[in-house]
Every structure is written in C-alpha cells, then in structure tokens.
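# Per-entry structural report
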Amino acid sequence: MFTGLIEETGALKSIQRGAHSAVLTIGAGRVLEGLKIGDSIAVNGVCLTVTDFSSSGFSADVMHETLNRSSLGTLRPNSRVNLERAMPADGRFGGHIVSGHVDGLGTITNIRRDDNAVWYELRAEPALLRGIVEKGSITIDGISLTVACTGTERFSVSVIPHTAAVTTLSERRVGDRVNLETDIIGKYVSQLLRFEHPRSPEVLPQAEGGKESGGTSNITRDMLLRCGF
C-alpha cells in the first residue's frame with residue numbers, strides 16, 4: 001500500500017521488451033535505502049516488485065496486463081518517473097490509500113495557471129469518472145491529489161507549485177496520457193451495491209412490514225438513492 005506522496009523522481013535507464021512484457025531499469029537514490037529483492041515500489045503509480053538493484057538503481061518486471069492498462073509501455077530511456085516505496089507500518093498517512101493498481105488512463109486536455117496554482121483538466125472514460133468525486137482523492141501518475149471539480153467527460157485538479165516541482169507533473173503537456181487510480185473505498189462501495197446479499201434471520205428476523213425475510217437484503221441501490229445516499 002502507498003500514500004501517493006512521491007519520495008523522488010527517477011530516470012528510466014532502459015526498457016527490455018519481450019513479446020508481451022518488459023523489464024524496466026530505473027535510476028534512483030532515496031528509494032534504494034534499505035531496499036530488498038521483492039520489495040514494492042510504485043513507478044508512476046504502478047506497484048512493481050523489485051527483482052534486482054544496485055547502488056544506482058533497480059529493476060522490475062512489468063507484465064502484459066500492466067502494460068495494457070498503464071502508460072509504462074510508452075516510457076523511453078531518460079524518461080522521468082515518480083517513485084514511492086510501500087508505506088511502512090509506522091509511517092505518516094499524508095496522502096490517501098493508494099494500492100498501486102492503475103484503473104486506466106486519462107488524457108490532459110488543458111493546463112492553466114491560477115495565481116500560484118496550476119490547474120490540470122483531464123479527460124477520462126465514463127467508467128473511471130464514476131469513481132471520481134469532487135473534493136475526493138485521485139492518484140495521477142502516483143501522485144495523491146484532490147479533485148477540484150468533475151464533469152460528464154472530464155475532471156480537474158489544482159496543483160500547488162511544490163507538488164509540480166518535485167514530481168513529473170511540471171513536464172506534462174496537453175495531450176499527454178497519465179495513469180489514474182480512483183479511490184479504493186469508493187470502488188469497494190460501488191461493487192457491494194451491485195449485489196443483494198443474504199442476511200441471517202438470527203440478526204434481522206423480519207423484513208419491512210413485519211413479514212419474514214425471504215433471505216435477501218432490503219438494502220438496494222435504488223433504496224439508498226431514494227433516501228439520499
């Protein structure tokens with residue numbers, strides 16, 4: 001698990017491509033401290049397992065599914081990437097819960113300055129936008145950010161100068177594609193509301209109106225919507 005607070009930016013040294021996979025070698029510094037084979041490092045928001053490392057960098061395998069769902073396959077030698085080690089049990093939770101499992105890609109459609117902040121507008125697929133809420137959390141290339149506003153096809157974030165300076169956001173341009181991970185809590189809630197779950201008669205012996213329960217819950221998505229949830 002990660003927090004979306006980038007520890008440093010590294011540089012891609014090489015990418016060895018297989019038929020449907022790749023091996024990335026990334027130059028780094030801070031994230032190498034205490035590093036062991038098998039440790040997890042988020043690279044542009046994608047959780048990768050360290051397979052080898054030296055005093056100047058580390059290597060990780062990237063499987064077919066990850067290449068298809070993320071932007072890692074578009075990286076070139078010397079590309080800068082955001083790096084974060086998995087969160088230690090005694091660490092500070094400064095960002096939000098980030099799994100490092102990218103949900104899909106977004107495309108930057110506009111970048112504009114607003115005094116000392118920079119606004120990034122991104123287009124995303126409807127399936128992703130359903131999990132993006134105003135003032136909620138979003139991970140863009142591994143960076144924990146707050147959603148400023150949402151629409152039917154796009155959403156926006158406002159970034160402070162520090163965040164842009166210490167991540168790869170300052171290098172992003174209109175048309176660039178970035179990795180997106182929506183809030184994991186929202187994804188679990190959405191999945192649970194897809195189903196009606198059995199309930200135990202010992203816990204809830206009667207359904208609405210005092211009749212015996214037929215074994216299915218009365219809590220449905222439609223009922224929650226009617227009640228304002």
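Residues numbered from 1 in each chain as written. Predicted model: local features only at pLDDT ≥ 70, side-chain atom pairs only at ≥ 80, totals over all residues. Heavy atoms only, no water.

## Overview of the sheet that holds strand β9 (residues 137-140)
The strand order β7-β8-β11-β10-β9-β12 describes a closed barrel built from 6 strands, whose pairing is antiparallel. Averaged over all adjacent pairs, the angle separating strand axes in this sheet is 45°, with direction ignored. (Pairing = 2+ DSSP bridges. Helix = DSSP H or I, 4+ residues; strand = E, 2+ residues; numbered from the N terminus. Axes fitted to C-alpha atoms, helices over the stretch in contact; angles between N-to-C directions.)

## Some thoughts on the layout of surface pockets
Over the atoms, a rolling probe the size of a water molecule traces out where space has been left empty. In this structure, the largest pocket encloses a volume near 640 Å³. Every residue lining the largest pocket is counted, 22 residues in all, and those nearest its centre are R130, G131, G186, K187 and S190. Elements represented by at least two residues in the lining of the largest pocket include exactly α2 (126-129), α4 (184-192) and α5 (221-226). By residue number, the principal contributor to the lining of the largest pocket is α4, which donates 5 residues. A breakdown of the residues in the lining of the largest pocket according to their chemical character gives 8 nonpolar, 7 polar and 7 charged. Approximately 540 Å³ is the volume found for the second largest pocket. In terms of lining residues, the second largest pocket is bounded by 28 residues, among which T3, G4, L5, I6 and E84 are the most central. Breaking the lining of the second largest pocket down by element, the ones donating at least two residues are β6 (80-85), β10 (143-150), β11 (154-159) and α3 (161-166). Per-element tally for the lining of the second largest pocket: the top contributor is β10, with 4 residues. Residue composition of the lining of the second largest pocket, by class: 10 nonpolar, 13 polar and 5 charged. (1 Å grid on protein atoms, 1.4 Å probe; cavity = no way out; pocket = protein on both sides within 12 Å on 5 of 7 lines; lining within 4 Å. Points joined across faces, edges and corners; volume = space filled by probe spheres on them. Nonpolar A, V, L, I, M, F, W, Y, C, P; charged D, E, K, R; others polar.)

## Remarks on the environment of R194
Along the polypeptide, R194 turns up in the loop between α4 and α5. We classify R194 as exposed; its relative accessible area is 60%. Separated by 26 residues in the primary sequence, R194 and T220 have C-alpha atoms spaced 8.4 Å apart. (Buried < 20%, exposed > 50% of the residue type's maximum accessible area, 1.4 Å probe, protein only.)

## A short note on the side chain of T107
By the secondary structure assignment, T107 is in strand β7 (residues 104-114). Setting aside anything within four residues of it in sequence, one finds T107 in contact with E121, L122, R123, G175, D176 and R177. (Contact = heavy atoms within 4.5 Å.)

## Details of the sheet that holds β6
Reading around the barrel, the 6 strands line up as β1-β2-β5-β4-β3-β6 and close back on themselves, with antiparallel pairing between neighbours. Strand-to-strand, the axes of this sheet are offset by a mean angle of 45°, without reference to chain direction. Where strand β1 (residues 8-17) and β6 come together, 4 bridges link them in antiparallel fashion. If you follow T9 over to β6, its bridge partner there is N82.

## Remarks on unusual backbone geometry
Here N44, not a glycine, exhibits a phi torsion of approximately 50°, which is positive. Assessed through its relative accessible area of 1%, N44 is described here as buried. Despite not being glycine, D141 has its phi angle at roughly 50°, a positive value. Inspection of the secondary structure puts D141 in the loop between β9 and β10. A residue is classified by how much of its surface remains accessible, and D141, at 2% relative accessible area, is buried.

These results come straight from atomic positions and should not be treated as a statement about function.
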